[in-house]
Each structure stands twice: as structure tokens, then as C-alpha cells.
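Observations on the model geometry
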Amino acid sequence: MKYVDEFRAPELIAKAGEEIRRLADPNRHYRIMEVCGGHTHAIYRFGLKDLLPPNVELIHGPGCPVCVLPMGRIDDGLSLAAQPDFIFAAFGDMMRVPGTHGSPLEYKARGMDVRIVYSPADALKLARNNPEKHVMFFAIGFETTAPSTALTMVRAKTEGLHNFSVFCNHVTIIPAIRAILDSPDMRLDGFVGPGHVSTVIGCRPYDWIAQDEGKPVVVSGFEPLDILQSIVMLLRQLRKGEAKVENQYKRVVPWEGNRAALRAMAEVFELRPYFEWRGLGFISQSALKIRSSYAEWDAEQRFSVPGVRVTDPKAAQCGEVLKGVLKPAQCKLFGNECTPEQPVGALMVSSEGSCAAYYNYEHRKPVIIASAAAN
Ligand code: SF4
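In short, a report on the structure.

Scanning the model with the defined rule gives eleven aromatic pairs in all. Measuring from ring centre to ring centre gives 5.9 Å for F142 and W277, while their planes differ by 50°; the resulting arrangement is tilted. Here F142, found in the loop between β5 (134-141) and α7 (146-159), pairs with W277, found in strand β11 (residues 274-277); they are 135 residues apart in sequence, far enough to count as distant. Both rings, one in F222 and one in Y249, keep their centres 6.0 Å apart while their planes meet at 75°; by these two values the pair is edge-to-face.

See the structure below:
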């Protein structure tokens, strides 16, 4: 298949739905986690949940980097934005995420220089164009975006650009999956593996999930047919009593990952001994910090930040939703105090947040799925 329409073809989607219903043992309840927030959005946007039998349950995972960032990190980054001649640059996804004293956009409304950038290279360009100011890029993301941050820092060093720094919040996916599997209140049968992260890390890092934990993993693309096919592949394994790692997203994900991207990350980053995740607490070796050889471009080494731990508002149940223990609509604030217009938690803001996906798509039945179901 070559074009996106083919991955959304109603007759193929209907067939995949039938195959899932055929493979699912009616005497068993399946709990499958889609790790990536991009999958969660596709599942709700295209109404895929409605094609599954009731005993195949999808659990939303922690793969939304904006959502897992604790409020204290946002406060730390924004504390620097208040300095004179300082530009705080971040992806658009971050702009409405609440910190204790407001979101980056609210800081902008108060007169601070907050800019949306589309890549770390854009932030570097800002630094070049504003030599009298300091530009700090608030970096977030899993291994998907970490290589571009790394390459931008290499560039800054090569150019000797000293009015640029990075506030690094990059996290790594494998320790988060391990924390979820270690969680006593979580029972899972398999994983729809993250497609974007795997373009960088490849499929091998998931081997332990299959070998040691006995859970199948299928790395998946993001189109409706990709996700349904991945569920078919998982159910086939579960039916045969197998647990292995498979790659459904071969058109994008190389089994061994992207060596050049991994090299760039290794040049600039090392593992933090531990890092706090919203909902999952402190997880050892789960995030990246900037090596001392790049200290001059590391905002945390260059400036002082409060580093205070901030807990989420008491009634917010973002942690339980992130762990997959609660569905978004089960949070007491969902749709009342917390909406995309007035978000309490990051899961309602980010384009990959499960609460935003639920809120925006829950009642919609997209045309393609409706026609597929009618066939
Ligand atoms: S509805 Fe709001 S407060 Fe509740 S889990 Fe979602 S983002 Fe967090």
C-alpha cells in the first residue's frame, strides 16, 4: 500500500474488525495497552474502539511527553522566562499546559517573551537573530525528538553560539513501560508498541517484554488499518500462546533503529539517575540529561532553577489516567472543571493527551468507520 487512503479503506477496516472478532476468545478479556498518545488519538478520531468486541479493551499508555511532565518542571522552565532579555521557546503543544502560576501562554500575556517554535533548529535561529538576548529551548519528547535537540546542540557548539541553551526534559520509553508492568494494579496482555519512538530505537529494546514478561509487542503505525492490523497480530500471538516482538510499521521502523540518530543522542546526552514522571513517580534512568561537555548549552547547569516538586490539584486524576488505571471520563473533573478550553491537567491540552482525545472524539462517528460498519 502506498497512499494514506488505502490505510483508511472502509472495506479493509471492516475486514480487520471481523478478523479481530474471530480471533478474540469470548471466554477471555483482553487488555491491550497502546503506549503512544498518537495511537490513542487515532483510536478515538477514527472510532476504532467501536469495531472491537467488548472483551478487547484498549488501555491508554504513558506515551504523551507533554502529559507525563510534572508541573514542577514546567514551573522551573518558566521561572527562567521571567529574566530580562530572555526568550522562552517551546513547541506549540506546551503553550497551554498549566504550571502553578499559569501556562507559557499566560506568561506571554503578562509580557514575557515566549515563542512557539516548530523545531529546536528554529530556536537556534532565534538565537542567531537575537544576539542581545538569551534563547532557551524547552525540550520535551521521547527518543523521537531527542535526536533533533542533540543535533541542534552540536550545531550551537560548532558555531560557538553562546546565547542559546536547552532545558532538557527528554524521557525514554522503556523504563516507563517497565514501571507500568511493575505496577501491582495493572494487568496487561500485550502492547501496541510506539511507532514514532521505534523509528529511532528500533524493535530490539522491547525484547525483554516478550521474553521476561511473556507479553507480545507489535510496533504499530498510526493509520486506522495499522492499528487494527497490530491488534490482529497481537491476538494471533495470544491465541497461539506466543510472546514475541513484531513490527507492523516496517515501512517506517527499521528493526535496528536509526543509528545516526542514536549516535547524535549519545554524543550530547546521558541518562539521569532518576526523573519524576507525572502519575508514575520517580523512575530510575528514565530521562536524558545533557553531558558536561555541553554544559554551556544546558540551561539547568547554566542558570539556577527552583527545582521544587509540585503536586497536581487534588481532584485531578491525571496520574491514574496516565497509568491506565482509569479511563479519562472516569476522572471527576472530566468535562466539568477540566475541558480543552479550561484544562486542569496536561492530558486535556496536548494533541496526544488521552483526555483531549476522549473529549474531542468520543461522540463522533467518523464517516469512514460508519460506512465500514454498514458494509
Ligand atoms: S480530565 Fe483533566 S484533571 Fe482529569 S485526568 Fe484528564 S487532564 Fe487530568
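All right, on to the pairing of strand β7 (residues 190-193) then. By the alternation rule, side chains of β7 split into G190 and V192 and F191 and G193, which are all buried. As paired strands, strand β1 (residues 30-36) and β7 are joined by three bridges and run parallel to one another. Each bridged residue has a counterpart across the sheet, and for I32 the counterpart in β7 is G190. Bridge count for β7 against strand β8 (residues 217-219) is three bridges, and the pairing is parallel. Looking across to β8, one finds that V192 is bridged to V218.

Once that is clear, we can look at helix α6 (residues 120-129). Buried within α6 we find P120, A123, L124, L126 and A127. Take α6 and look down its axis: the buried residues cluster within an arc of 150°, on one side only. Along its buried surface, α6 packs onto β3 (86-90), β4 (114-116), β5, α7 and β6 (164-170).

Turning to empty space enclosed by the protein, a few remarks are in order. Applying the stated rule across the entire model yields two cavities of 30 Å³ or more. Here the largest cavity is characterised by a volume of approximately 100 Å³. Lining the largest cavity are 14 residues, and of these Q317, C318, C331, C338 and C355 sit closest to its centre. Of the residues that constitute the lining of the largest cavity, the class distribution is twelve nonpolar, two polar and no charged. Roughly 60 Å³ of internal volume is contained in the second largest cavity.

Neighbouring residues of the ligand: A316, Q317, C318, V321, C331, F334, C338, G345, L347, M348 and C355. The residue makeup of the shell around the ligand, split by class, is nine nonpolar, two polar and no charged.

On the basis of which strands lie adjacent, the open sheet formed by four strands has the order β4-β3-β5-β6 and parallel pairing. The sheet is open, and its two borders are formed by β4 and β6, each paired with just one other strand. Between one strand and the next, the sheet's axes are offset by a mean angle of 25°, whatever the strand orientation. Of the pairings in the sheet, the one linking β5 to β6 comprises seven bridges and is parallel in character. Of the residues in β6, the one forming a bridge with A139 is C168. Docked against the sheet, helix α4 (residues 71-81) engages β3, β5 and β6, running at close to 170° with respect to β6. α7 contacts β5 and β6 of the sheet and is inclined by roughly 160° relative to β6.

Locating C36 in the fold gives a position in strand β1. C36 gets classed as buried once you look at its relative accessible area, which sits at 6%. A sequence separation of 178 residues divides C36 from G214, and the C-alpha atoms of the two residues are 20 Å apart. Sequence-distant contacts of C36, defined by excluding residues within four places in its chain, comprise G63, P194 and F222.

The next subject is the sheet that holds strand β2 (residues 56-63). Taken in spatial order, the five strands of this open sheet run β2-β1-β7-β8-β9, and their pairing is parallel. The open sheet has two edge strands with one neighbour each: β2 and β9 (245-247). When strand polarity is set aside, the average angle formed by the axes of neighbouring strands in this sheet is 20°. Taken together, the six bridges between β1 and β2 define a ladder with parallel strand orientation. When the bridges of β2 are listed, I32 appears paired with L58. Contacts between helix α2 (residues 37-45) and the sheet are confined to β1, β2 and β7, with β1 contributing the most and set at about 120° to the helix.

What follows covers helix α8 (residues 173-182). Structurally, the α-helix is built with 3.6 residues per turn, so residues lying three or four positions apart point the same way. In terms of burial, α8 is largely enclosed, as seven of its ten residues are buried. Where α8 is concerned, the buried positions are I173, I174, P175, A176, I177, I180 and L181.

Conventions and cut-offs
Residues numbered from 1 in each chain as written. Predicted model: local features only at pLDDT ≥ 70, side-chain atom pairs only at ≥ 80, totals over all residues. Heavy atoms only, no water. Phe/Tyr/Trp six-rings, centres within 6.5 Å; stacked < 30°, edge-to-face > 60°. Helix = DSSP H or I, 4+ residues; strand = E, 2+ residues; numbered from the N terminus. Buried < 20%, exposed > 50% of the residue type's maximum accessible area, 1.4 Å probe, protein only. Pairing = 2+ DSSP bridges. Arc of directions from axis to C-beta. Contact = heavy atoms within 4.5 Å. 1 Å grid on protein atoms, 1.4 Å probe; cavity = no way out; pocket = protein on both sides within 12 Å on 5 of 7 lines; lining within 4 Å. Points joined across faces, edges and corners; volume = space filled by probe spheres on them. Nonpolar A, V, L, I, M, F, W, Y, C, P; charged D, E, K, R; others polar. Near = heavy atom within 4 Å. Axes fitted to C-alpha atoms, helices over the stretch in contact; angles between N-to-C directions.

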